[in-house]
Amino acid sequence: MRTPPNKRGREAAAAVITGRLNARVTLKAQAQGNVAACFDGYRIELGQFSAAAIKRALALRAGLPIGALRAARSVTEREVALLVRRLAHSGLLEYRLAHGRAGKDLVMIEPQMADYWPEVARLNATDTVALSRFAYLRRRGNDMVLESPRSPALFRICDPKIAATIATLSAPHKVGRLRQMQGSAAFALLGLLFACNILFKVDAKGDSPRLTEGDASLVVWDFHDLLFHTHSTEGRQANPTGGRYPYVGVIAPPPAVRAPWSGNAIDLETFAADRARSPFATLLRQRHSTRDFDDAQPIRIAELAQLLDHTMRVQWKWTTPLDFGDGNTGCDIDYTRRPYPSAGSAYELELYLLVNHCDGLTRGLYHYDADRHALVPIMARAQDIEAQLAAAQFAMDAPAPPQILITIAARFDRIAWKYSGIAYALILRNVGVLLQTLYLAATDQGLGGCAIGITNIDLFTKLTGQEFYVEGPVGQFALGRGREVGESG
Ligand SMILES: Cc1cc2nc3c(=O)[nH]c(=O)nc-3n(C[C@H](O)[C@H](O)[C@H](O)COP(=O)(O)O)c2cc1C
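The rules behind the values
By convention here, each chain's residues receive numbers from 1 onward along its written sequence. Residue-level local features of this predicted model are given only where pLDDT is at least 70; pairs of side-chain atoms are given and counted only at 80 or more, and the full residue set underlies all totals for whole chains, interfaces and linings. In this text, helices come from DSSP runs of H or I with a minimum length of four residues, and strands from runs of E with a minimum of two, each type numbered from the N-terminal end. A pair of residues counts as a contact when their C-beta atoms, built from backbone coordinates, are within 7 Å of each other. Any residue whose C-beta atom, as placed from the backbone, lies within 6 Å of a molecule or strand is termed near it. Throughout this entry, Asp, Glu, Lys and Arg are counted as charged residues, while Ala, Val, Leu, Ile, Met, Phe, Trp, Tyr, Cys and Pro are counted as nonpolar. The remaining residues, Gly among them, count as polar. For helices, the axis comes from a line fit to the C-alpha atoms of the stretch in contact; other axes are also lines fit to C-alpha atoms, and the angle between any two N-to-C directions lies between 0 and 180 degrees. The cut-offs work like this: below 35 degrees is roughly parallel, past 145 is roughly antiparallel, 65 to 115 is roughly perpendicular, and the gaps in between are oblique. Left-handed describes a crossing whose near helix is turned anticlockwise from the far helix through less than a right angle; right-handed describes the clockwise counterpart. Only strands joined by at least two bridges in the DSSP assignment are considered to pair. When buried Ala, Val, Leu, Ile, Met, Phe, Trp, Tyr and Cys residues are joined through C-beta atoms within 7 Å, the set is termed a nonpolar core. Residues with at least 20 neighbouring C-beta atoms inside 10 Å of their own are called buried, those with 12 or fewer are called exposed, and the rest are partly exposed, where every C-beta is derived from the backbone. Throughout the structure description, domain borders are defined by an automatic or database domain assignment.

Draft legend 1. View of the overall build of the protein. Counting its secondary structure elements, the protein contains 16 helices and 21 strands. If you line up the protein on its principal axes, its C-alpha atoms span 100 × 70 × 55 Å. Counting contacts in the protein only where the partners sit at least 6 residues apart, residues at least 24 apart contribute 71% of the total.

Here it is, written out as structure tokens:
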């Protein structure tokens, strides 16, 4: 005899994760079986598939259990699994966690990184877990969302009981105890959250959670700084960025020049005694952005060497003991002197050069060693180099990629080791100072350049292998010989 369904029975229904098409996306199949995903005016080709696979794939609108895709056996199932993987790779799927296939939504998972795939990490009943100090719950529209700048996905919480469970994890809890309290779907959620770094295992030795979450490079990050870094760049978040004019029709365009204060203005023109401009004042006025480069006469390595010498090179070094007044820290700090100013003399900024066209230099990625005044090649995949150059071309709306793309990266620990709460703000200020220094040096040498406002922190990780919180891009500058004639006039 079958046991009648009851509350306990419902709780025991296995947790199921289904993948489904993002509501913005439509799948379009052509007669030959070519399938494309269409959204917001974009089209991504996904490959050629059989009619049976395309028919099954239409179920993605409602959702397909992703566990079954992993176990795909028949040719059609394997085709569907491939199509789903390709959609996931482009960030076009979202995932739903529920008690059984027919259960109501508990959590919807929205990927923030292109290749996110839901993994349920194995946790032991004896493990003790807690919420990451970078995780946060907030209202978005009518939803409650759980996010973290360390997570490749965002979790939309559909059941308030789940939100309550998450809130309890502000303090460490044994996994076994949580499982008893919450049932199998919540247990699966723990594994999902752990795999996304929203939960972490608390050290049994009782060390400070700040020290035990992640590695030494993560220790120095403040919550708001890491959130700002991941949300003001591309690569680790799915929100649109850049000049999208989101408030057209909502707020009138703010004026280019501030409305004057009402006090009596003192006309400074009457004080301009010497009207002859100094060479520096002339240089300042000559500076402008160059987006179109003359590839028939690319920048030469000697010019690049001079520009780096004038802007970034270490001039001298010294060491000072850290002294809070009692002279007893036992800690020595190294400093450098360079041509541009830097908060606290930290000089945390590094230059990575993607060389596209430079006379005397092989195409590829280089790090500028500012101490040795040398370029050190870095092995990078051709597809990542092309993607980086294409992104720069797109950002400048330029006819071709720049001759050299300079990425300004920050060694976050160098500045956050000293400054609390303002580390990232200082980095961005230093980037502004360095950008103007690069602009002026390029102008002085008859070269052209253009700052670029958007960087992709995940692409930088792919190019260099550096974790996004260890060393990451905070600015970019396109450099080369400008195509314009008489540009310096
Ligand atoms: C921080 C910063 C970011 C910028 N980002 C871009 C960019 O992404 N694309 C672009 O074409 N120009 C970019 N620019 C260049 C500005 O558009 C340019 O400085 C401005 O229009 C003034 O023109 P000028 O530099 O020729 O004087 C950026 C400039 C700065 C300082």
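Draft legend 2. Representation of the site of the ligand within the structure. Around the ligand, the surrounding shell consists of His288, Ser289, Arg291, Ala395, Met396, Leu435, Cys450, Ala451, Ile452, Gly453 and Ile454. Among the secondary structure elements, those contributing two or more residues to the shell around the ligand are helix H13 (382-396) and strand S20 (448-452). Looking at the shell around the ligand element by element, the count peaks at three residues for S20. Among the residues making up the shell around the ligand, the classes are represented as seven nonpolar, three polar and one charged.

Draft legend 3. Molecular detail of the packing of helix H12 (residues 301-311) against helix H15 (residues 423-444). Close contact between H12 and H15 brings their axes to 10 Å; oriented N to C, the two are set at 135 degrees. By the angle class used here, H12 and H15 are oblique. Our pair here, H12 against H15, has a crossing hand that is right-handed. Where H12 abuts H15, its residues Leu307, His310 and Thr311 lie against Thr437, Leu438, Ala441 and Ala442. Considered class by class, the residues forming the contact of H12 with H15 number four nonpolar, three polar and no charged.

Draft legend 4. Structural detail: the sheet that holds strand S17 (residues 364-369). Pairing is antiparallel across the open sheet formed by six strands, whose spatial order is S18-S17-S16-S19-S21-S20. Both edges of this open sheet fall to strand S18 (374-378) and S20, since each of them pairs with a single strand only. Strand-to-strand twist across the sheet, computed as the mean angle between neighbouring axes with direction ignored, equals 30 degrees. Sheet topology note: the strand S19 (residues 404-411)/strand S21 (residues 471-480) ladder contains eight bridges and is antiparallel. Looking at the pairing, Arg411 lines up with Glu471 of S21. This element, H13, spans strand S16 (349-355), S17, S19, S20 and S21 of the sheet and lies at about 95 degrees to S20.

Draft legend 5. Highlighting the environment of Ala374. The residue Ala374 is located in strand S18 in this model. Remark: the alpha-carbon pair of Ala374 and Leu97, spanning 277 residues in sequence, is separated by 52 Å.

Draft legend 6. Representation of the nonpolar core. Ranked by size, the top nonpolar core spans 113 residues in total, and within it Leu83, Leu97, Leu189, Leu190, Leu353, Ile404 and Phe477 carry the most contacts. Structurally, this core is a two-domain feature, drawing no fewer than three residues from each of domain 1 (13-214) and domain 2 (277-480). Excluding its chain neighbours within four sequence positions, the residues that come into contact with Leu97 are Ala15, Ile17, Leu106, Val107, Ala185, Ala188 and Leu189.

Draft legend 7. Region of interest: the domain arrangement of the protein. Per the domain assignment, the segments making up the protein are domain 1 (13-214) and domain 2 (277-480). Using only C-alpha atoms to locate each centre, domain 1 and domain 2 end up separated by 37 Å.

Draft legend 8. Expanded view of the sheet that holds strand S9 (residues 136-140). With antiparallel pairing, the seven strands of this open sheet are ordered in space as S5-S1-S6-S7-S11-S10-S9. On the outer flanks of this sheet lie strand S5 (64-65) and S9, each paired with one strand and no other. With three bridges connecting them, strand S10 (residues 143-147) and strand S11 (residues 153-157) associate as antiparallel partners. Residue pairing in the sheet places Leu146 in a bridge with Phe155 of S11. Across the sheet, helix H7 (residues 184-195) touches strand S1 (15-21), strand S6 (93-99) and strand S7 (105-111), and the angle it forms with S6 is around 145 degrees.

Draft legend 9. Local environment of unusual backbone geometry. Its identity as a non-glycine residue notwithstanding, Asn197 has a phi of 65 degrees, on the positive side. If you trace the backbone, Asn197 turns up in the loop between H7 and strand S13 (199-201).

Draft legend 10. Representation of the environment of Ser50 in the model. Mapped onto the elements of the fold, Ser50 is located in the loop between strand S4 (42-48) and helix H2 (51-57). Between the C-alpha atoms of Ser50 and Gln32, which are 18 residues apart in sequence, the distance is 8.8 Å. The contacts of Ser50, once residues within four sequence positions are left out, are Gly33, Thr76 and Glu79.

Draft legend 11. Structural view of the pairing of S21. Burial analysis of S21 places 10 of its 10 residues in the buried class, which makes it a mostly covered element. When S20 meets S21, the two strands line up antiparallel, connected through five bridges. Paired with Ala451 across the two strands is Phe477, which belongs to S21.

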